[in-house]
Amino acid sequence: RELVLAAERTGGIRQGAFGIELDAERLPDHIVGTVAGRLDALRGEERAFAELVAVAQPWPPGATHEDEREVVDELRAAGILIDAGPHGSGYLQLAHPVFAEALLTRLGRGERADLRERAAGRLLELDAAPTRFTALCLLMDAGAPLEPAELLWAATYAHGAGDHARAIAAADRIS
């Protein structure tokens, strides 16, 4: 309740592609701190996987490597990961929006860019337009160089999906 009220007071609530989104940059520090303390107990591989999900959620099933299945099960059991779509779809998301902020807040700008690039690489292994678009957005956000054809594709896809701000951002990078 406090999280929603704080976001509402600062105008940080908006409709997103997967429902209501809260602007995590405006959360009270004590909320993020409490969640970060809970996430500090994660083992290295658990935290690494949760960070990938944090920057790219919903995380598609094909992007999870076979050797990560046990980590996913442990994160589910800990209440960190949940299903992001219909049960059985295999898509994952963090159980709460604050988890992403808590996971990423301690990373420096370069570390966040590297994480976005790693997540994008995993998504680009899949042959699906939505995951390709997410990957290209992650690469744009990381400041990675992209071919004009990729940027044009991303701008066209974003426009078709109604994400006009992302379409303009991709198109602006072409020139």
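Keep in mind that this is a model prediction, so the values were computed, not measured.

(A) Expanded view of the overall build of the protein chain. Helices and strands together make up the secondary structure of the protein chain, namely nine helices and four strands. For the protein chain, the N- to C-terminal ordering of α and β elements is α-β-β-α-α-α-β-β-α-α-α-α-α. Burial status across the protein chain gives 39% buried among its 175 residues. Long-range contacts, defined here as pairs at least 24 residues apart, represent 55% of the contacts in the protein chain between residues at least 6 apart. A total accessible area of about 9700 Å² is found for the protein chain, and carbon and sulfur atoms account for 53% of it.

(B) Structural detail: the packing of aromatic side chains. Taken as a whole and assessed by the stated rule, the structure comprises three aromatic pairs. On the basis of an interplanar angle of 35° and a centroid distance of 4.8 Å, the ring pair of Phe133 and Tyr157 is categorised as tilted. Remark: Tyr157 occurs in helix 8 (residues 148–161) and Phe133 occurs in helix 7 (residues 129–142); sequence separation between them is 24 residues. The exposure class of Tyr157 is partly exposed, given its relative accessible area of 27%.

(C) Looking closely at helix 4 (residues 69–77). Within helix 4, the full set of buried residues consists of Val71, Val72 and Leu75. Projected down its long axis, helix 4 carries its buried residues within an arc of 100°, all on one side. With respect to the buried face of helix 4, the exposed residues turned more than 90 degrees away are Glu70, Asp73 and Ala77. Just downstream of helix 4, Gly79 is the residue with a positive phi angle, here 80°.

(D) Structural view of helix 7. The end-to-end C-alpha distance of helix 7 is 20 Å, a good match for the 20 Å that 14 residues give at a rise of 1.5 Å each. Turning to helix 7, the residues buried within the fold contact helix 3 (44–56), helix 6 (109–124), helix 8 and helix 9 (164–174). Just past helix 7, the residue Gly143 takes up positive phi, approximately 80°.

(E) Inspection of the nonpolar core at higher detail. In terms of nonpolar packing, the biggest core is built from 43 residues, with Phe49, Trp59, Leu75, Leu81 and Leu94 touching the most fellow members. Elements with a minimum of two residues in this core: helix 3, helix 4, strand 4 (92–94), helix 5 (97–104), helix 6, helix 7, helix 8 and helix 9. Leaving out residues up to four positions away in the same chain, Leu81 has contacts with Phe49, Val53, Val72, Leu75, Arg76, Leu92, Gln93, Leu94 and Ala95.

(F) Representation of the environment of Pro61 within the structure. Mapped onto the fold, Pro61 is located in the loop between helix 3 and helix 4. On the basis of relative accessibility, which here comes to 30%, the residue Pro61 falls in the partly exposed class. Separated by 30 residues in the primary sequence, Pro61 and Tyr91 have C-alpha atoms spaced 5.4 Å apart. When sequence neighbours within four positions are dropped, the list of residues in contact with Pro61 reads Arg69, Ser89, Gly90 and Tyr91.

(G) Expanded view of the side chain of Glu68. For Glu68, the position within the fold is in the loop between helix 3 and helix 4. One polar contact links Glu68 to Arg122, side chain to side chain, over a distance of 2.4 Å. If we skip the residues at most four places from it in the chain, Glu68 touches Phe49, Ala63 and Arg122.

(H) A look at the pattern of salt bridges. Under the criterion given, the structure shown has nine salt bridges. In this structure, Arg47 engages Glu51 in a salt bridge whose closest nitrogen and oxygen atoms are separated by 3.3 Å. Separated by four residues within a single helix, Arg47 and Glu51 lie in helix 3, roughly one turn from each other. The two residues Arg47 and Glu51 agree in class, both being buried. A salt bridge links Arg76 to Asp83; its shortest N-O distance comes to 2.9 Å. A relative accessible area of 22% means that Asp83 is categorised as partly exposed. Several salt bridges converge on common partners, so that one network encompasses Arg43, Glu45, Glu46 and Glu74.

Rules used throughout
Within every chain, residues take consecutive numbers counted from 1 along the sequence as written. In view of the model being predicted, local features appear only for residues whose pLDDT reaches at least 70, and side-chain atom pairs are presented and counted only at 80 or more, with totals across whole chains, interfaces and linings using the full set of residues. Values shown for side chains rest on all heavy atoms present in the structure; no hydrogens or waters enter the calculation. Secondary structure elements are taken from DSSP: a helix is a run of H or I of four residues or more, a strand is a run of E of two residues or more, and numbering for both begins at the N terminus. Only protein chains enter the area calculation, which uses a 1.4 Å probe; residues under 20% of their type maximum are buried, those over 50% are exposed, and those in between are partly exposed. Contact definition: two residues touch when any of their heavy atoms are within 4.5 Å. For accessible areas, the Shrake-Rupley method is used with a probe of radius 1.4 Å. Any residue's cover is judged against the shown protein chains and nothing else. The criterion for an aromatic pair is that two Phe, Tyr or Trp rings (for Trp, the six-membered ring) have centres within 6.5 Å, with stacked assigned to planes under 30 degrees apart, edge-to-face to planes over 60 apart and tilted to the rest. Here, the arc refers to the directions that run from the helix axis to the C-beta atoms. Here a helix's expected span is defined as the number of its residues, less one, multiplied by 1.5 Å. In these notes, a set of buried Ala, Val, Leu, Ile, Met, Phe, Trp, Tyr and Cys residues joined through side-chain atoms within 4.5 Å is what counts as a nonpolar core. Pairing of N or O atoms within 3.5 Å defines a polar contact, subject to two protein rules: one partner must be a possible hydrogen donor and the other a possible acceptor, and residues neighboring in sequence count only if both atoms are side-chain atoms. Only one rule defines a salt bridge in this text: a Lys or Arg side-chain nitrogen within 4 Å of an Asp or Glu carboxyl oxygen.

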